[in-house]
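Here is what each chain is made of, one letter per residue.
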Amino acid sequence: MTHPTPTSPAPAAALVRTAAELHAAPRPGRRAVVMTMGALHEGHAQLVRSARELAGPDGQVVVTVFVNPLQFGAGEDLDRYPRTLDADLATARAAGADLVFAPSVDEVYPGGEPQVRITAGPLGGLLEGATRPGHFDGMLTVVAKLLHLTRPDLALYGQKDAQQLALIRRMVRDLNFGVEIVAVPTVREDDGLARSSRNRFLSPAERRTALALSRALFAGRDRLGAQEALRDRAEAAPGDSARAGALDALGESRLAADAHAVAHARLPGPAAVRESARAVLADAARAEPPLVLDYLALIDPATFAEITEDHAGDALLAVAAKVGTTRLIDNLPLHFAPHGAAS
Ligand SMILES: Nc1ncnc2c1ncn2[C@@H]1O[C@H](COP(=O)(O)OP(=O)(O)OP(=O)(O)O)[C@@H](O)[C@H]1O
Ligand SMILES: CC(C)(CO)[C@@H](O)C(=O)[O-]
Ligand code: BAL
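Residues numbered from 1 in each chain as written. Chains lettered and ligands numbered in written order. Predicted model: local features only at pLDDT ≥ 70, side-chain atom pairs only at ≥ 80, totals over all residues. Heavy atoms only, no water.

Asker: Kindly report on the site of ligand 3, identifying the contributing residues and their values.
Answerer: The full set of residues close to ligand 3 is Met37, Gln71, Arg132, His135, Asp161, Gln164 and Arg198. With respect to ligand 3, the side chain of Asp161 contributes an N or O atom lying 3.1 Å from a nitrogen atom. Considered on its own, ligand 3 offers 220 Å² of accessible surface; in the complex 85% of this is hidden by protein. When its residues are assigned to classes, the shell around ligand 3 shows one nonpolar, three polar and three charged. (Near = heavy atom within 4 Å. Polar contact = N/O pair within 3.5 Å; in protein donor to acceptor, adjacent residues only side chain to side chain. Areas by Shrake-Rupley, 256 points an atom, 1.4 Å probe, with all protein chains shown as cover. Nonpolar A, V, L, I, M, F, W, Y, C, P; charged D, E, K, R; others polar.)

Laid out in structure tokens, this is it:
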């Protein structure tokens with residue numbers, strides 16, 4: 001007869017609180033670091049799983065948990081930001097982390113607020129930086145410190161915070177940090193909402209309204225897909241009314257109509273993508289509780305400047321909005337095919 005094995009709680013990752021402990025910790029193989037502000041969710045877990053894969057079985061995965069006061073502005077949610085260290089240790093471990101580095105504010109800033117800081121430059125003043133002045137300087141300063149403290153071979157960041165990721169890449173390049181930066185795609189709930197530590201602040205009604213962020217992005221993406229399909233057909237079709245007329249004469253009226261429609265279709269560009277996304281956000285602004293839009297931007301991921309109507313190549317559709325007292329961000333990478341002769 002077999003006895004049931006007693007169930008034990010999932011093992012937690014080893015917790016390290018100080019820089020001295022971290023430096024004393026063994027350092028086998030490649031070290032991959034995932035930086036977080038804690039309150040870990042499936043998005044963070046995906047970063048840790050990717051880190052585990054990239055570090056390999058002989059490498060080491062370190063998760064940092066630190067709510068950085070320097071990147072919060074006055075009146076922002078520093079005080080109410082969720083702090084759930086015990087649960088974070090279990091989540092980190094289950095996803096493959098070896099160590100969690102969770103220093104205190106005094107450990108990271110022993111002399112109080114640092115006088116010398118990283119400046120984010122022009123990109124730091126756009127979009128998120130326009131609404132949250134100083135945010136990116138504070139974020140880059142702590143990322144620089146955490147990179148020095150953890151000394152990783154690679155560090156992973158989520159695409160959800162696209163501007164943050166772009167700035168970290170820029171800092172690493174501009175200031176010769178010897179670390180590989182890896183981007184991880186945004187992890188979403190089944191209904192599309194991007195996972196975020198701040199989602200837990202949403203009431204059920206607010207969450208319904210908040211779904212408009214991802215829906216707006218999907219509407220923009222779908223409009224682009226429809227537009228590109230239409231253009232492909234226009235480029236593949238003979239495209240002149242003579243052909244449509246000839247088909248018509250042959251009694252092929254459906255084909256004629258199709259050829260005619262494709263040949264004469266207005267082929268909208270980025271404006272159509274913005275329009276489709278805006279329509280969803282405008283509906284949500286009339287919902288109860290309402291969505292309060294901060295920005296919707298269709299930007300070049302290299303510069304974060306709005307793309308022009310003739311843009312070809314990669315783009316990012318990004319949105320930020322408040323629902324109740326909770327501010328959320330989301331974005332979706334898009335690709336605009338180069339224009340052919342038919343357009
Ligand atoms: N849904 C997600 N998918 C992929 N990566 C994510 C996701 N959410 C957060 N991350 C990444 O996890 C890292 C830590 O982010 P952070 O701890 O600020 O979590 P967060 O959920 O973004 O919190 P908040 O939205 O409240 O700012 C960042 O690199 C961030 O981009
Ligand atoms: C990168 C980071 C950990 C710096 O505090 C934070 O901005 C975050 O969690 O995205
Ligand atoms: N996830 C980005 C960090 C912040 O909101 O402060």
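Asker: I'd like to hear about the sheet that holds strand S8 (residues 313-323), residue by residue, with values.
Answerer: Pairing within the open sheet is antiparallel, and its three strands lie in the order S7-S8-S9. Two strands lie at the open edges of the sheet, namely strand S7 (291-299) and strand S9 (326-336), each paired on one side alone. Sheet twist, expressed as the average angle between the axes of neighbouring strands with direction ignored, equals 15°. Bridge analysis of S7 against S8 gives eight bridges, and the strand direction is antiparallel. Bridged to Val292 within S8 is Lys322. Running over the sheet, helix H11 (residues 270-285) touches S7, S8 and S9 and is turned about 170° from S7. (Pairing = 2+ DSSP bridges. Helix = DSSP H or I, 4+ residues; strand = E, 2+ residues; numbered from the N terminus. Axes fitted to C-alpha atoms, helices over the stretch in contact; angles between N-to-C directions. Contact = heavy atoms within 4.5 Å.)

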